[in-house]
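Okay, here's what each chain looks like letter by letter:
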Amino acid sequence: MSRQVVILGSTGSIGCSTLDVISQHPERFAVFALTAGRQIDKLLQQCLQFKPQYAAVLDAMDAKALQQQLKAAGSNTQVLYGAQAFADLAAHTNTDIVMAAIVGAAGLLPTLGAVKQGKTVLLANKEALVMSGELFINAVKQHQATLLPIDSEHNAIFQCLPAAIQGSCYQSNLAAAGIAKILLTGSGGPFRQTPLTDFDAITPAQAVAHPNWSMGRKISVDSATMMNKGLEFIEARWLFNCSADDIQVVIHPQSIIHSMVQYSDGSVLAQLGNPDMRTPIAHALAFPERIASNVKPLNFFEVADFTFTQPDPARYPCLQLAIDACRHGQGATTALNAANEIAVEAFLQGQIRFTDIARLNARALGRFAGNSALSLEDILALDQEARRFTSTELGSLSS
Ligand code: NAD
Ligand code: MG
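What you see is a predicted model; the values in this text were computed from it and never measured.

Parameters and conventions
- Residues numbered from 1 in each chain as written.
- Chains lettered and ligands numbered in written order.
- Predicted model: local features only at pLDDT ≥ 70, side-chain atom pairs only at ≥ 80, totals over all residues.
- Heavy atoms only, no water.
- Helix = DSSP H or I, 4+ residues; strand = E, 2+ residues; numbered from the N terminus.
- Buried < 20%, exposed > 50% of the residue type's maximum accessible area, 1.4 Å probe, protein only.
- Expected span 1.5 Å × (residues − 1).
- Donors = N, O, S within 2.8 Å, 3.2 Å for Na, K, Ca; no water.
- Pairing = 2+ DSSP bridges.
- Axes fitted to C-alpha atoms, helices over the stretch in contact; angles between N-to-C directions.
- Core = buried A, V, L, I, M, F, W, Y, C linked by side-chain atoms within 4.5 Å.
- Contact = heavy atoms within 4.5 Å.
- Near = heavy atom within 4 Å.
- Polar contact = N/O pair within 3.5 Å; in protein donor to acceptor, adjacent residues only side chain to side chain.
- Areas by Shrake-Rupley, 256 points an atom, 1.4 Å probe, with all protein chains shown as cover.
- Nonpolar A, V, L, I, M, F, W, Y, C, P; charged D, E, K, R; others polar.
- Salt bridge = Lys/Arg side-chain N within 4 Å of Asp/Glu carboxyl O.
- Parallel < 35°, antiparallel > 145°, perpendicular 65-115°, else oblique.
- Left-handed = near helix turned anticlockwise from the far one by under 90°.

(A) Representation of unusual backbone geometry in the model. Here the amide bond leading from Phe287 into Pro288 is cis, since omega sits at 5 degrees, within 30 degrees of zero. Residue placement: Pro288 occurs in the loop between helix H12 (278–286) and helix H13 (317–328). Positive phi outside glycine occurs at Ser259, with the angle close to 150 degrees. Along the chain, the position of Ser259 falls in strand E10 (residues 257–263). By relative accessible area, which is 0% here, Ser259 ends up buried. Positioned with a positive phi, Asn294 is a non-glycine residue whose angle comes to about 70 degrees. Its location among the elements puts Asn294 in the loop between H12 and H13. Using a relative accessible area of 57% as the deciding quantity, one classes Asn294 as exposed.

Take a look at the structure:
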């Protein structure tokens, strides 16, 4: 029987890549529900093609318009709205697999809802784990959910782990499995070689133009500041039950190696491929089997030389802030994530400079690093407080 898939954030970059893979395997997967924020036109097309039982959007007016258009096109898809609807669909009895691909903190509650129903959760929404790592992983354990990483680096690390611990990597002892280090690779983004004196003048259009990956706007800016690697550092800490000392960030500009695992006997296992998110998506959808993804096969005679460098903290201050926050704990990472979402949005809106993103993040971490946030209520309250703080700080930046 085909597995019923819910895609949270189906109109985004990961959502569309997921539907692309699913469309190649109609005998394996059926789309049970699709959700989006506000991109109604795209969601309409997806509903007509994939015929889900449900679709959900953020607000009532959009839902009404979408429902009318679907009906007019002869579709039976039922449209729901609101954050609760996302969570209900993710946790629905008929749901087998949830692709968590909403961007930002908005993804936390529906993703956690799926975990609490013991679903198979394919996690792209790294911000959920950055905000609530401990609580999230405890819920995975308690409700015996299956958690599979979609982020290409974490999916690569997962693939390089011994099979015996893959299914429970979030609670395994890496050292006992012979693992010495997790090597988290990153391209260094579009400004790896830009003179630091030019950083103040970087525009949103330049920042979202990633050299190797095609992604949503927020994660593209995060890649340019390397906050994305910082969020991934925190994500890795929880997904692989390790400490900050077990993870090393390596800049690999070609984005062909997607991350590596270094073993105590000297072996290093790496996962390679062309940079296309359909590979980790296909891997996780079919795990432990392998299915086609339509990703162009890697041709070693075409790839450029592989190079590796250490990240320069002066160029990427956000990376260091995230590593510091990881060492502080859940309160610090929740606050940093919230501040970063506000700062990135303000940068995309042209309100602040590129370099102000790190400035605002540093202020929020300075203010909230000592806060503890253990319960979901604490986490959500701290998230809001850090957003308010950062919005106020925005006004005090000199232009
Ligand atoms: P995107 O901006 O392209 O898409 C985001 C999706 O979330 C859209 O469907 C949008 O409608 C929906 N959404 C936005 N705000 C919402 C809200 N408040 N409530 C409900 N839905 C909302 O983003 P993306 O690049 O697909 O990234 C999605 C997630 O996957 C992010 O957490 C990102 O860090 C992670 N990720 C993405 C990539 C990539 O290659 N794009 C790689 C690794 C991880
Ligand atoms: Mg990644």
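From this point, the narrative continues.
(B) Spotlight on helix H11 (residues 227–239). If you check H11, its first and last C-alpha atoms are 18 Å apart, about what 13 residues at 1.5 Å a residue would give, namely 18 Å. With 12 of its 13 residues buried, H11 lies for the most part within the structure. Every buried residue of H11 is listed here: Met227, Asn228, Lys229, Gly230, Leu231, Glu232, Phe233, Ile234, Glu235, Ala236, Trp238 and Leu239. Of the residues one or two after H11, Asn241 is the one with positive phi, at around 50 degrees.

(C) Structural context of the coordination of the magnesium ion (ligand 2). Ligation of the magnesium ion (ligand 2) by protein atoms is provided by Asp151 (OD), Glu153 (OE) and Glu232 (OE), these donors lying 2.1 to 2.2 Å from the ion. Counting gaps between the donor residues of the magnesium ion (ligand 2) yields the pattern D-x1-E-x78-E. The exposure classification of Asp151 matches that of Glu153, with both residues buried.

(D) Spotlight on the sheet that holds strand E9 (residues 247–251). With respect to topology, four strands assemble into an open sheet ordered E9-E8-E10-E11, the strand pairing being mixed. Either end of the sheet is taken by a strand with one partner, and the two such strands are E9 and strand E11 (268–272). Here the average twist between neighbouring strands, direction ignored, is 20 degrees. Where E10 and E11 come together, four bridges link them in antiparallel fashion.

(E) Expanded view of the nonpolar core. Among the nonpolar cores identified, the biggest contains 135 residues, and Phe136 and Phe240 are the most heavily contacted of them. If near-sequence neighbours (up to four positions away) are discounted, Phe136 is found in contact with Leu108, Thr111, Leu112, Val115, Leu123, Ala128, Leu129 and Leu147.

(F) The arrangement of the site of ligand 1 in detail. In the vicinity of ligand 1 there are 24 residues, among which Thr11, Ile14, Gly37, Glu127 and Gly216 approach most closely. A distance of 2.7 Å separates an oxygen atom of ligand 1 from a polar side-chain atom of Thr11. Ser13 places a polar main-chain atom, nitrogen or oxygen, 2.9 Å from an oxygen atom of ligand 1. For ligand 1, whose unbound accessible area comes to 830 Å², protein coverage reaches 86%. Contributions of two or more residues to the shell around ligand 1 are made by helix H1 (13–23) and helix H6 (126–143). Residues belonging to the shell around ligand 1 are distributed by class as follows: 12 nonpolar, nine polar and three charged.

(G) Region of the structure containing the pattern of salt bridges. Applying the stated rule across the entire model yields 18 salt bridges. Between Glu289 and Arg28 there is a salt bridge, with the nearest N and O atoms lying 2.9 Å from each other. With Glu289 in the loop between H12 and H13 and Arg28 in the loop between H1 and strand E2 (29–35), this residue pair connects regions lying 261 residues apart in the sequence. Assessed through its relative accessible area of 25%, Arg28 is described here as partly exposed. Note that Lys229 is salt-bridged to Glu232, the shortest N-O span being 2.6 Å. Within this pair, Lys229 and its partner Glu232 are both found in helix H11, separated by three residues, close to a single helical turn. Each member of the pair, Lys229 together with Glu232, is buried.

(H) Broad picture of the packing of H11 against H13. Contact geometry of H11 with H13 gives a least axis separation of 7 Å together with a crossing angle of 20 degrees. One element, H11, and the other, H13, form an angle in the roughly parallel class. Between H11 and H13 the crossing geometry is right-handed. In contact with Met227, Lys229, Gly230, Leu231, Phe233, Ile234 and Arg237 of H11, H13 contributes Cys318, Leu319, Ala322, Ile323 and Cys326. For the contact of H11 with H13, the per-class residue count stands at nine nonpolar, one polar and two charged.

(I) Representation of helix H16 (residues 376–395) in the model. Look at H16: 30 Å from first C-alpha to last across 20 residues, which is about the 28 Å you get at 1.5 Å a residue. Along H16, the positions that sit buried rather than exposed are Leu376, Ile379, Leu382, Asp383, Ala386, Arg387, Phe389, Thr390, Glu393 and Leu394. Buried-residue contacts for H16 involve helix H5 (108–116), H6, helix H14 (330–348) and helix H15 (354–368).

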